[in-house]
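So the chains spell out like this:
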Amino acid sequence: MTKIAVLVGSLSKNSINKKLANALESVAPEGVEFTTVDVDLPLYNYDFDGAYPEGPALLKQQIDEADGVLFVTPEYNRSFSGVMKNAIDWGSRPWGKSSFNGKPAAIAGASIGDLGTSQAQQALRNVLLFLNMQVMGQPEAYLNINKVLNEDGTIAQGSVDFLTEYIAAVAAHVEKNKA
Ligand SMILES: Cc1cc2nc3c(=O)[nH]c(=O)nc-3n(C[C@H](O)[C@H](O)[C@H](O)COP(=O)(O)O)c2cc1C
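Below or above, wherever it landed, is the structure these notes cover. Just so you know, these numbers come straight off a predicted model, no measurement behind them. Residue numbers here run from 1 along each chain, matching the order of that chain's written sequence. Whole-chain, interface and lining totals are the exception, using all residues; otherwise, since this is a predicted model, local features are given only for residues with pLDDT of at least 70 and side-chain atom pairs are given and counted only at 80 or more. The basis for every side-chain value is the complete set of heavy atoms in the structure, and neither hydrogens nor water enter the calculation.

What follows deals with the site of the ligand. Throughout, near means a residue has at least one heavy atom within 4 Å of the molecule or strand. Taken together, Ser10, Ser15, Ile16, Asn17, Pro74, Glu75, Tyr76, Asn77, Arg78, Ser111 and Ile112 form the complete shell of residues around the ligand. Interatomic distance of 3.0 Å between a backbone N/O atom of Ile16 and an oxygen atom of the ligand. Here a nitrogen atom of the ligand sits 2.8 Å away from a polar atom, N or O, in the main chain of Asn77. With residues, only the protein chains shown are counted as cover, and all accessible areas are computed by Shrake-Rupley using a 1.4 Å probe. Considered on its own, the ligand offers 620 Å² of accessible surface; in the complex 70% of this is hidden by protein. Segments assigned H or I by DSSP are reported as helices when at least four residues long, segments assigned E as strands when at least two residues long, and all are numbered from the N terminus. Listed by contribution, the elements that provide at least two residues to the shell around the ligand are α1 (16-26) and β4 (75-76). For this classification, the nonpolar set comprises Ala, Val, Leu, Ile, Met, Phe, Trp, Tyr, Cys and Pro, the charged set comprises Asp, Glu, Lys and Arg, and every other residue, Gly included, is treated as polar. Residue composition of the shell around the ligand, by class: 4 nonpolar, 5 polar and 2 charged. Under the rule applied, a polar contact is a pair of N or O atoms within 3.5 Å (in protein, one hydrogen donor and one hydrogen acceptor; residues adjacent in sequence only if both atoms are side-chain atoms).

Written out as structure tokens, the structure reads:
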């Protein structure tokens, strides 16, 4: 069993990145278990380092228990979202107890245009490398949601193979590099 924690950097009810995460899970290989991490958290503040609130404590536990992490990020103003950064800040602390250290990671994202979150993903990659995660280099998934998913959230016919191959590569990366 390969356990993958999924962080989607959006709180929006109609988040296209939540839809993308669901679509990826729907075509994952057998033997992969996904845990969606709740990122609706208070803003990180190191005054909490001695006693994490319930939500951030659960986030850390879910990441600790996972073999790897899939980050599905929107692009906000040419970077990844503040929601994603806040979740990462919680998971990275207290100092010396980062839940991300050494874990395999992969990044995907969807936007409403053809740039497909490429700048957000590059910015996020910098952060994950700093956190000593083993970030998958290829394949990359910069997606225009209008091309990849149908209105009802199912995968457009022309994208089934790509998403299936992408999530299989993520699972293989996590399996190969897990502790
Ligand atoms: C504050 C804000 C900034 C945005 N900046 C970008 C951007 O830099 N690049 C981009 O491709 N889309 C940008 N968008 C459009 C998003 O791709 C679009 O809103 C998308 O639905 C966000 O993903 P989500 O639905 O998962 O939250 C922006 C949207 C918002 C609300």
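Having seen the structure, we can now continue with the description.
A pair of Phe, Tyr and Trp rings is counted when the ring centres sit within 6.5 Å of each other, with Trp represented by its six-membered ring. The angle between the planes then sorts it: under 30 degrees is stacked, over 60 is edge-to-face, the rest tilted. What the rule picks out here adds up to 5 aromatic pairs. Taken together, a centroid distance of 6.3 Å and an interplanar angle of 25° make the contact between Phe162 and Tyr166 stacked. One end of the pair, Phe162, and the other, Tyr166, are both in helix α6 (residues 160-177), 4 residues apart, so they sit about a helical turn from each other. For Phe162, a relative accessible area of 32% corresponds to the partly exposed category. In this scheme, a residue with accessible area under 20% of its type's maximum is buried, one over 50% is exposed, and one in between is partly exposed, where area comes from a 1.4 Å probe on protein chains only. Tyr166 gets classed as buried once you look at its relative accessible area, which sits at 1%. By the ring-pair criterion, three or more aromatic residues cluster together here, those being Tyr44, Phe48, Tyr52 and Trp90.

From the geometry alone we can't say anything about function, so treat these as descriptive.
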